[in-house]
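Commentary on secondary and tertiary structure
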Amino acid sequence: MATPIGTNEINSISRRYIMPQLTDNIYNSNLMFFRLNQMNKKMLQGGLQIEVPLVYQRFAAGGAYQGFDLLDVSPSDTVKNAAFDWKQAYVPVSVDGLTLIRSDSPEAIVNFLSFYFENAQAELAEILGTGVWSDVVSNPKAIDGLAGAVDDSTLAATYGGLSRTANTWWRSTRTSNAAAALTLSVMQTMFGTLTSGGRHPTILVGNQAAYNKFWGLNQAFQAFPAQPAGQDETLAQAGFSNLLFNGVPFAVDSHCPQTAGTDSIFYLNEDYMYLYVNPRADFSMKEFREPVNQDAMTSLRSEEHT
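Cut-offs used in this document
Residues numbered from 1 in each chain as written. Predicted model: local features only at pLDDT ≥ 70, side-chain atom pairs only at ≥ 80, totals over all residues. Heavy atoms only, no water. Helix = DSSP H or I, 4+ residues; strand = E, 2+ residues; numbered from the N terminus. Buried < 20%, exposed > 50% of the residue type's maximum accessible area, 1.4 Å probe, protein only. Polar contact = N/O pair within 3.5 Å; in protein donor to acceptor, adjacent residues only side chain to side chain. Contact = heavy atoms within 4.5 Å. Phe/Tyr/Trp six-rings, centres within 6.5 Å; stacked < 30°, edge-to-face > 60°. Lys NZ or Arg CZ within 6 Å of the ring centre and 35° of its normal. Patch = residues over 30% accessible without salt bridge, like charges linked within 9 Å, V, L, I, M, F, W, Y side chains within 5 Å. Areas by Shrake-Rupley, 256 points an atom, 1.4 Å probe, with all protein chains shown as cover. Salt bridge = Lys/Arg side-chain N within 4 Å of Asp/Glu carboxyl O. Core = buried A, V, L, I, M, F, W, Y, C linked by side-chain atoms within 4.5 Å. Arc of directions from axis to C-beta. Pairing = 2+ DSSP bridges. Axes fitted to C-alpha atoms, helices over the stretch in contact; angles between N-to-C directions.

This part is about the side chain of Arg164. Note on placement: Arg164 falls in the loop between strand E6 (162-163) and helix H6 (184-193). For Arg164, a relative accessible area of 0% gives the class buried. Within the structure, Arg164 has its side chain in polar contact with the backbone oxygen of Gly148 (distance 2.9 Å). Among the polar contacts made by the side chain of Arg164, one reaches the main-chain carbonyl oxygen of Asp151 at a distance of 3.4 Å. Apart from the residues within four sequence positions on either side, Arg164 is in contact with Gly148, Ala149, Asp151, Asp152, Ser153, Ala156, Ala157, Tyr159, Trp170 and Arg171.

With that out of the way, let us pick up the packing of aromatic side chains. Using the criterion set out here, one finds 13 aromatic pairs in the structure. Here a set of aromatic residues connected by ring pairs shows up, and it is made of Tyr56, Phe84, Tyr159, Trp169 and Trp170. The cationic tip of Lys42 hangs over the ring face of Tyr274; the distance from NZ or CZ to the ring centre is 4.0 Å. Between Lys80 and the ring centre of Tyr56, over which it is positioned, the NZ or CZ distance is 5.1 Å.

Mapped onto the fold, Thr195 is located in the loop between H6 and strand E7 (203-206). Sequence-wise, Thr195 and Asn269 are 74 residues apart; in three dimensions their C-alpha atoms are separated by 9.7 Å. Each residue touching Thr195, except ones within four places of it in the same chain, is listed here: His200 and Pro201. Here the side chain of Thr195 touches Phe191 through a polar contact of 2.7 Å, landing on its backbone oxygen.

This part takes up a nonpolar patch on the surface. Among the surface-exposed residues, Tyr65, Leu71 and Val73 lie close enough to one another that they form a single nonpolar patch of about 370 Å² accessible area. The residue Tyr65 is located in the loop between strand E2 (50-55) and strand E3 (79-84) in this model. Using a relative accessible area of 54% as the deciding quantity, one classes Tyr65 as exposed.

Residues Met32, Val132, Trp133 and Leu268 are the most contacted members of the largest nonpolar core, which totals 28 residues. If you list the elements that add at least two residues to this core, you get helix H2 (31-39), strand E4 (87-96), helix H4 (112-131), E7, strand E10 (265-268) and strand E11 (275-285). Broken down by element, this core gets its largest block of residues, five residues, from H4. Residues contacting Leu268, with those up to four places away along its chain left out, are Met32, Leu146, Val150, Pro201, Thr202, Ile203, Val205 and Met273. Grouped together as the second largest cluster of nonpolar side chains are twelve residues, Phe191, Phe214, Val248 and Val252 included.

Among all positions of helix H7 (residues 208-217), only Ala210, Tyr211 and Phe214 are buried. The buried residues of H7 occupy an angular sector of 100° when the element is viewed end-on, so they sit on one face. Residues of H7 that are buried sit in contact with H6, strand E8 (242-245), strand E9 (248-252) and E10.

Take the pattern of salt bridges next. Applying the stated rule across the entire model yields seven salt bridges. The salt bridge partner of Asp144 is Lys87, with a shortest N-O separation of 3.3 Å. Residue Asp144 is found in the loop between H4 and helix H5 (146-149), and its partner Lys87 is found in strand E4; the two are separated by 57 residues along the sequence. In this structure Lys87 comes out as buried when scored by relative accessible area, which is 8%. Look at the salt bridges and you will find they share partners, linking Asp151, Asp152, Arg164 and Arg174 into a network.

For a regular strand, the rule is simple: side chains alternate between the two faces of the sheet. Here E7 shows a buried face lined by Ile203 and Val205 and a second buried face lined by Leu204 and Gly206. Here four bridges tie E7 to E10, and the two strands are oriented antiparallel to one another. By the bridge assignment for E10, Ile203 is matched with Leu268. Summarising the sheet, E7 and E9 pair through three bridges and their orientation is parallel. When the sheet's bridge partners are listed, Val205 is paired in E9 with Ala251.

Quick look at the sheet that holds E9 now. A sheet is described by the order of its strands in space; here four strands give the open sequence E8-E9-E7-E10, paired in mixed fashion. Strands at the two margins of the open sheet, each flanked by one partner only, are E8 and E10. Taken pair by pair, the neighbouring strands of this sheet meet at an average axis angle of 25°, ignoring direction. Of the strands in this sheet, E7, E8, E9 and E10 touch H6, which is tilted by about 70° from E8.

Written out as C-alpha cells, the structure is:
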C-alpha cells in the first residue's frame, strides 16, 4: 500500500526541489587515467596479445677504424619483446519495469537512463583509474598498472612476461628516504638519475602528503595568487592542481600507492607509456537484454584495454 508523503499543510502542498545534476561525493582524482586517456591512448583493432619491442642494450661491435683494419661484423642481439594480455572492465546497468514507469514523468528532473549511464561511466573511470596503479600481481585481471611497471622487482618480479632477475635493465630506479625529509636536492638527484640527454620524466605523481611537502618547499617563492613555479595548464583546466619541477608538472593522484607510514612520488616518462584500447569497447554500451522471466532489462558499460 502506498504511503502518503505529506503529513501536514506545508509538506502536502509543497514540492521538493531536487538539483538537476549529480554531486559527486564518491569518485576521487583519476589523474593518470586522465593523462593516458587524453594523451597516450592508442586504438588497436585486436590480436591475441600486445607485444612491445624493447631495445635493451647497445650493439656489441662497432667503432673507429682506419685503412685495412679488420672489422668485427658479429651480429648483435639488442631487442626483446614484452607481452601484455588484453584486460576488460565493466559496470552493469540494470533497471526494472516499475522503476521506468515511476521515472517516466514530465516532472522528472533528469532522464533516468541518462543519469544511470552517466553514473556508470564515472564508476568505470574509477575502476580504470584504480587499475592504472595496479601492481600486476594482486589482481591479474586488472590493467598492467604503474605500481608493477615502475618497480625494482620488490612487487612484481615479472612484468610484461620478462623476468626482472634475468633482465636487470627492466628494473626501475627506487630510493627510500627513511627520514621522510623531502628536499629539492633529493628530488633533483632522482630527476637527474632518470635523465638521459633529452629524455627525462614528463610528470611527477604523488599522494597528497608528498605533494604537500613539495608545496611547502616552494613557500619561500610564493607570491599569491599566482605561483611562480607555474603549472601545467592542461591539467589545471581539467581540475588537477599542480606545480612544476624542472618544468615538469607534479600533481596528486588519489590512487597513487604508498607503503604504510611513507609517502610516494613516481617519476614517469610518458613517452614510453600507452593505454591500448580496442575501438569496439571504448566506453561502449551494449544492447539492453531482457530476461524471459522478469520485467527488467540489463546493459553493460564496458572497456577493453591493456
